[in-house]
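Spelled out, the chains give:
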Amino acid sequence: NPAYLTVRFTSEEMVGIDPAQLTIYEISSEGVLSPLDARVTFDQNGNGQLDAGEIVTVRSPVRHFSYFMIVPEVPAPLLDALPGITNSESVPVSGRAEANSSVEIFLNGVLAQTLKTDPTGKIENAWLQLAEGRNVVTARTIRRLNENIRKYSGWTAQIITEKDSTLGQIENVTFPHS
């Protein structure tokens, strides 16, 4: 029979954290994180949410006891809309991500910029130099867990902006995210 690591949190300890997004990592002596097969239970009253007074239980089989870390998943950044079509050489990128994290912004699949968010999570002061034609912008958040360990979010939805230098003077036209 395997040993089990069981950790319980009160609802007050989980404010702002989605229990379904918790992951347990075993930390090796080399500092490598390995996710464990964890079962997270909550919602004792069956209404689909964590209510005051409920307990979140994280339970995982372990081979041996060493150092473990439980962290919520890193949310993907939320980028503001970009112009759907423009004749501008560059466009400003802004939005929100996890506070005090780094955000990698990719243009056409290539890392264009890495920015730090402020204590409120704002992404600002980023400009992307557009290529002629279709431009695809995506981003992801990076949380630094320690000197050597980083955790990445999933990708944002693709934002497409079209650069057409042959257009005369136009106002930027913005379309909702696709």
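The structure presented is a predicted model; accordingly, all values stated were derived computationally and were not measured.

## Some remarks on unusual backbone geometry
Of note in this structure, Asn100 is not a glycine but carries a positive phi near 55 degrees. A positive phi is found at Asn125, a non-glycine position, where the angle reads about 65 degrees. Mapped onto the secondary structure, Asn125 falls in strand S12 (residues 122-129).

## Examining the sheet that holds strand S1 (residues 3-10)
Sheets are built from strands that pair by backbone hydrogen bonding, the pairs being arranged parallel or antiparallel. In spatial order, the strands read S1-S5-S4; together these 3 strands make up an open sheet with antiparallel pairing. What marks the edges here is a single partner per strand, and that holds for S1 and strand S4 (39-41). Taking each pair of neighbouring strands and ignoring which way they run, the sheet shows an average axis angle of 15 degrees. With 3 bridges joining them, S4 and strand S5 (residues 55-62) adopt antiparallel strand pairing. Bridge pairing in S5 places Arg39 opposite Arg59.

## A word on the nonpolar core
Core analysis: the biggest nonpolar cluster contains 16 residues, and Leu79, Val93, Ile105, Leu128 and Val137 have the highest contact counts within it. Secondary-structure elements contributing two or more residues to this core are strand S9 (90-96), strand S10 (102-107), S12 and strand S13 (133-144). Sequence-distant contacts of Leu128, defined by excluding residues within four places in its chain, comprise Glu89, Ser90, Val91, Val93, Ile105, Leu107, Ala112 and Val137.

## Section: the sheet that holds S9
The strand order across the open sheet formed by 3 strands is S7-S9-S12, and the pairing between neighbours is antiparallel. Strands with a single pairing partner mark the edges of an open sheet, and in this sheet they are strand S7 (78-79) and S12. Here S9 runs beside S12; their pairing, made up of 6 bridges, is antiparallel. Across the sheet, Gly95 pairs through a bridge with Ile123, a residue of S12.

## With respect to the pattern of salt bridges
In the structure shown here, the tally under the stated rule is 3 salt bridges. For the salt bridge of Glu98 with Arg143, the shortest nitrogen-to-oxygen distance reads 2.6 Å. Placement of Glu98 in the loop between S9 and S10 and of Arg143 in strand S13 is noted, with a sequence separation of 45 residues between them. Between Arg140 and Glu104 there is a salt bridge; the shortest N-O distance is 2.6 Å. Within this pair, whereas Arg140 is found in strand S13, its partner Glu104 is found in strand S10, the two being separated by 36 residues in sequence. Across the pair, exposure class does not vary: Arg140 and Glu104 are buried alike.

Calculation criteria
- Residues numbered from 1 in each chain as written.
- Predicted model: local features only at pLDDT ≥ 70, side-chain atom pairs only at ≥ 80, totals over all residues.
- Heavy atoms only, no water.
- Helix = DSSP H or I, 4+ residues; strand = E, 2+ residues; numbered from the N terminus.
- Pairing = 2+ DSSP bridges.
- Axes fitted to C-alpha atoms, helices over the stretch in contact; angles between N-to-C directions.
- Core = buried A, V, L, I, M, F, W, Y, C linked by side-chain atoms within 4.5 Å.
- Buried < 20%, exposed > 50% of the residue type's maximum accessible area, 1.4 Å probe, protein only.
- Contact = heavy atoms within 4.5 Å.
- Salt bridge = Lys/Arg side-chain N within 4 Å of Asp/Glu carboxyl O.

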